[in-house]
Amino acid sequence: MPNVIEPSMEDIKSGDKLYKGKWSEKVFNNSFPIVLELGCGKGEYSVGLARMYPEKNFIGVDIKGARMWVGAGQALKEGMNNVVFLRTKVDFITQLFAENEIDEIWLTFSDPQPNKPNKRLTSPYFIDRYKKILKKDGVVHLKTDSDLLFEYTVGEINNQGYESKYITKDVYSELGAFPLEFQEILKFKTHYETLFTQRGSIIKYAQFSIH
Ligand SMILES: C[S@@+](CC[C@H](N)C(=O)[O-])C[C@H]1O[C@@H](n2cnc3c(N)ncnc32)[C@H](O)[C@@H]1O
C-alpha cells in the first residue's frame, strides 16, 4: 500500500532511504505536528486522530504488517493524506526520526511483557529513545487494560521524575475530568480494548512528560 513504509534492516543499518528528519517535507508535504502511535496494531488511534485533526500528521508504528493493513486500508479508502504506517520495531525509532521531530506519542494497549520488563514500551530502554525524538513540551499517552503495565509505568513516572499530567485507574468513570474534545479521543476503542473490555477489564490512562 502506498501509505505503508517498510524499511529493510539494511536501510536501518545504513541510514539510506530513510525519512529521518524529512518526514514533514518528503512524506506529508507540510510542517504540521507529527504524532506517533507505537504498537499501533490496526491503527485505530492513528486513523481516528487523523480524522479529527487534519492539521496534524500521524504515523502508526508496528512490526505486524497484517494488523496495520487494516488501518492503512481504511485511510486509503477515506482518502486521508495525514496518516501513514511504518512497519518496523519500535527499538529502531531513533534511526527513523530526528531529534525534536515528534510532537506526541500514543501507546495503546501495549504488551505488558510480564517476564521481560525491558520490552515494555514504557521501560527506560524505550523512554530514552523517545526522549531523543520527542519535543521538549511533547507528552506520552498510555491507555491500557493491564494493571501490571499501568503500575509499572506510574512507578517509572515517580522514580524517574517524569511530570505526570493525568493518571487514572478507571478512565471511563473519570471522563468528566477531561476537556470535552479529549473525552472524544479517550473514547476511541482499539481492537484490543474491545477484547479486554468484553472480559471485564477496567481501562487505565496516564499522560506524562518525559523531559
Ligand atoms: C496488544 S497489541 C495492541 C495493538 C493495538 N494498539 C490495539 O490496541 O489494538 C500490541 C502491539 O504492539 C506491537 N509491538 C509490541 N512491541 C513492539 C515493538 N518493540 N516494536 C513494534 N511493535 C511492537 C505488537 O506487534 C502488537 O501489534
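Here we summarise the structure given alongside this text. Quick caveat: nothing in here was measured; it's all calculated off a predicted structure. Residue numbers run consecutively from 1 along every chain, following the written order of its sequence. Owing to the predicted nature of the model, reporting of local features is limited to residues with pLDDT of at least 70; listing and counting of side-chain atom pairs is limited to 80 or more, with chain, interface and lining totals taken over all residues.

## Overview of the overall build of the protein chain
1) Next: Under the scheme used here, helices are H or I runs from DSSP no shorter than 4 residues and strands are E runs no shorter than 2 residues, and both carry numbers assigned from the N terminus. The number of helices and strands found in the protein chain is nine helices and eight strands.
2) Next: For 211 residues, the compact-globule formula gives about 17 Å, and the C-alpha radius of gyration of the protein chain, at 16 Å, lands near that figure.
3) Next: In terms of its C-alpha atoms, the protein chain occupies a principal-axis envelope of roughly 45 × 35 × 30 Å. For the radius of gyration, the atoms used are the C-alpha atoms, and the globule rule reads 2.2 Å times the number of residues raised to 0.38.

## Focus on the site of the ligand
1) Next: Each residue receives a C-beta atom placed from its backbone. It is near a molecule or strand if this atom lies within 6 Å of it. Taken together, 19 residues sit near the ligand, with Gly39, Gly41, Phe109, Thr190 and Tyr192 positioned nearest.
2) Next: Among the residues making up the shell around the ligand, the classes are represented as five nonpolar, six polar and eight charged. Residues are grouped as follows: Ala, Val, Leu, Ile, Met, Phe, Trp, Tyr, Cys and Pro are nonpolar; Asp, Glu, Lys and Arg are charged; all remaining types, including Gly, are polar.

## Comments concerning the nonpolar core
1) Next: To define a nonpolar core, we join buried Ala, Val, Leu, Ile, Met, Phe, Trp, Tyr and Cys residues through C-beta atoms within 7 Å and take the resulting set. Once C-beta atoms are placed from the backbone, each residue is buried if 20 or more other C-beta atoms lie within 10 Å of its own, exposed if 12 or fewer, and partly exposed for counts between those two. Ranked by internal contacts, the top residues of the largest apolar core, which has 48 residues, are Leu36, Leu38, Ile105, Tyr130 and Val140.
2) Next: We call two residues in contact when the distance between their C-beta atoms, placed using the backbone, is within 7 Å. Leaving out residues up to four positions away in the same chain, Leu36 has contacts with Ile59, Val61, Ile102, Ile105 and Trp106.

## Examining the environment of Lys20
1) Next: Inspection of the secondary structure puts Lys20 in the loop between α1 (9-14) and α2 (23-28).
2) Next: A sequence separation of 130 residues divides Lys20 from Phe150, and the C-alpha atoms of the two residues are 31 Å apart.
3) Next: The residues touching Lys20, leaving out its near neighbours within four places in the chain, are Gln95, Leu96, Phe97 and Ala98.

## What about the pairing of strand β2 (residues 34-38)?
1) Next: Of all five residues in β2, five are buried; the element is thus mostly enclosed.
2) Next: On β2, burial covers both faces: Ile34, Leu36 and Leu38 on one face and Val35 and Glu37 on the other are all buried.
3) Next: Strand pairing is defined by DSSP finding a minimum of two bridges between the two strands. As judged from the five bridges shared by β2 and strand β3 (residues 57-62), these two strands associate in the parallel manner. Residue Glu37 lies in a different strand from β3, and its bridge partner there is Gly60.
4) Next: Handedness of the β2-helix α3 (residues 44-52)-β3 crossover: right-handed.
5) Next: Bridging between β2 and strand β5 (residues 102-108) involves four bridges; their strand directions are parallel. Of the residues in β5, the one forming a bridge with Leu36 is Ile105. Look down the strands so they point away from you; if the path from the first strand over the helix to the second goes clockwise, the crossover is right-handed.

## Describing the packing of α3 against helix α4 (residues 65-77)
1) Next: Interaxial angles span 0 to 180 degrees and are taken between N-to-C directions of axes, which are lines fitted to C-alpha atoms, for helices over the stretch in contact. Viewed as axis vectors pointing N to C, α3 and α4 meet at an angle of 20 degrees, and their least axial separation amounts to 9 Å. Accordingly, the angle class assigned to the pair α3 and α4 is roughly parallel. Of α4, the residues touching α3 (which contributes Glu44, Ser46, Val47 and Ala50) are Gly71, Gln74 and Ala75.
2) Next: Of the residues that constitute the contact of α3 with α4, the class distribution is three nonpolar, three polar and one charged. With respect to orientation, any angle under 35 degrees is reported as roughly parallel, any angle over 145 as roughly antiparallel, any angle of 65 to 115 as roughly perpendicular, and every other angle as oblique.

## Some thoughts on α3
Quick reminder: α-helices carry 3.6 residues per turn. Residues three or four places apart thus point the same way.
1) Next: Across the nine residues that make up α3, a large majority, seven, are buried.
2) Next: Turning to α3, its buried residues number three or more, namely Glu44, Tyr45, Ser46, Val47, Gly48, Leu49 and Ala50.

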